[in-house]
Every structure is written in C-alpha cells, then in structure tokens.
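A look at the structure
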Amino acid sequence: MNRFCDAFKCGATVQSGRFLCPNHWRMVPVATQQTINARYRAGRANFGFLSDLVYLQACVDAIDGIARSEFGAGHQAGPGSYHRLLRVAQRKATT
Ligand SMILES: [Zn+2]
C-alpha cells in the first residue's frame, strides 16, 4: 500500500511505513532522522508513535524545516496531520 510524502505540497508516493520521499528525507537533519527512525520502530507494534511527543515533534520539525528551505524563511507548512497529532498528544500529556 502506498502513501504520500508528508512534505508540504509534495505529492510523491512513498512506500508504506516511510515518512517522506527520498528527496525530502535527505533534507532532514541526521539527528532528526535518527530520532524519527528510533521512535517509529519503538512504537510501531502498538502505534504508540502516534502519541509519542518526541516522535511527533521530530516529524513536525522535519516538515517545517523542509517548508522553510523550499518556500522561504517565515513559511510554515501549516497544520498538517502531524501538527494535529502533536497537539492532541500534548493535551493528553498535560491532563
Ligand atoms: Zn516529498
């Protein structure tokens, strides 16, 4: 099953389980890539990564960083699915 790259305005299809297309993945800082990979593997069995603040923050950082470098400083990718998941997870963490 294919899914789509999560980078802003990128319509590339990516393999199931992949976050970004190869072009966009290469733009993510290595430290952020490592965080995403490690937390994704840790939470994959029970989809725990969907409420993992560290994972979701790293995804949001990656998406926003790509949007800034492609569309200019001050540009944000805007509320995508990871931004929403992060807000939900943050609310859960504080209640
Ligand atoms: Zn892409």
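Everything here concerns the structure above.
Residues numbered from 1 in each chain as written. Predicted model: local features only at pLDDT ≥ 70, side-chain atom pairs only at ≥ 80, totals over all residues.

1. Focus: the overall build of the chain
When you go through the chain residue by residue, the secondary structure sums to four helices and two strands. Along the chain direction, N to C, the helices and strands of the chain fall in the order β-β-α-α-α-α. Against the 2.2 N^0.38 benchmark of 12 Å for 95 residues, the chain shows a C-alpha radius of gyration of 13 Å, consistent with a compact globule. Dimensions of the chain, computed from C-alpha atoms along their principal axes, come out at roughly 35 × 30 × 25 Å. For the chain, the proportion of its 95 residues judged to be buried stands at 21%. Here the analysis covers contacts within the chain between residues at least 6 apart in sequence; of these, 36% occur between residues at least 24 apart. (Helix = DSSP H or I, 4+ residues; strand = E, 2+ residues; numbered from the N terminus. Rg over C-alpha atoms; globule rule 2.2 N^0.38 Å. Buried ≥ 20, exposed ≤ 12 C-beta atoms within 10 Å, placed from the backbone. Contact = placed C-beta atoms within 7 Å.)

2. Considerations on the packing of helix α3 (residues 53-71) against helix α4 (residues 81-94)
Remark: α3 packs on α4, axes separated minimally by 9 Å, with the N-to-C direction vectors making an angle of 150°. When the axes of α3 and α4 are compared, the pair comes out roughly antiparallel. Both α3 and α4 take part in a crossing whose hand is left-handed. Taking contact as the criterion, the partners of Leu53, Leu56, Gln57, Cys59, Val60 and Ile63 in α3 are, on α4, Tyr82, His83, Leu85, Leu86, Ala89, Gln90 and Ala93. Of the residues in the contact of α3 with α4, the class split is 10 nonpolar, three polar and no charged. (Axes fitted to C-alpha atoms, helices over the stretch in contact; angles between N-to-C directions. Parallel < 35°, antiparallel > 145°, perpendicular 65-115°, else oblique. Left-handed = near helix turned anticlockwise from the far one by under 90°. Nonpolar A, V, L, I, M, F, W, Y, C, P; charged D, E, K, R; others polar.)

3. Section: the packing of helix α2 (residues 30-43) against α3
Axis angle and axis distance: for two packed helices, these are the angle between their axes and the distance between the axes, and together they describe the pair. For the pair α2 and α3, the least separation of the axes is 9 Å and the interaxial angle reads 140°. Relative to α3, α2 is oriented oblique. In the crossing of α2 with α3, the sense of the turn from one axis to the other is left-handed. Taken together, the residues of α3 that come into contact with α2 (itself represented by Thr32, Thr35, Ile36, Arg39, Tyr40 and Gly43) are Val54, Tyr55, Ala58, Cys59, Asp61 and Ala62. Of the residues belonging to the contact of α2 with α3, the class tally is seven nonpolar, three polar and two charged.

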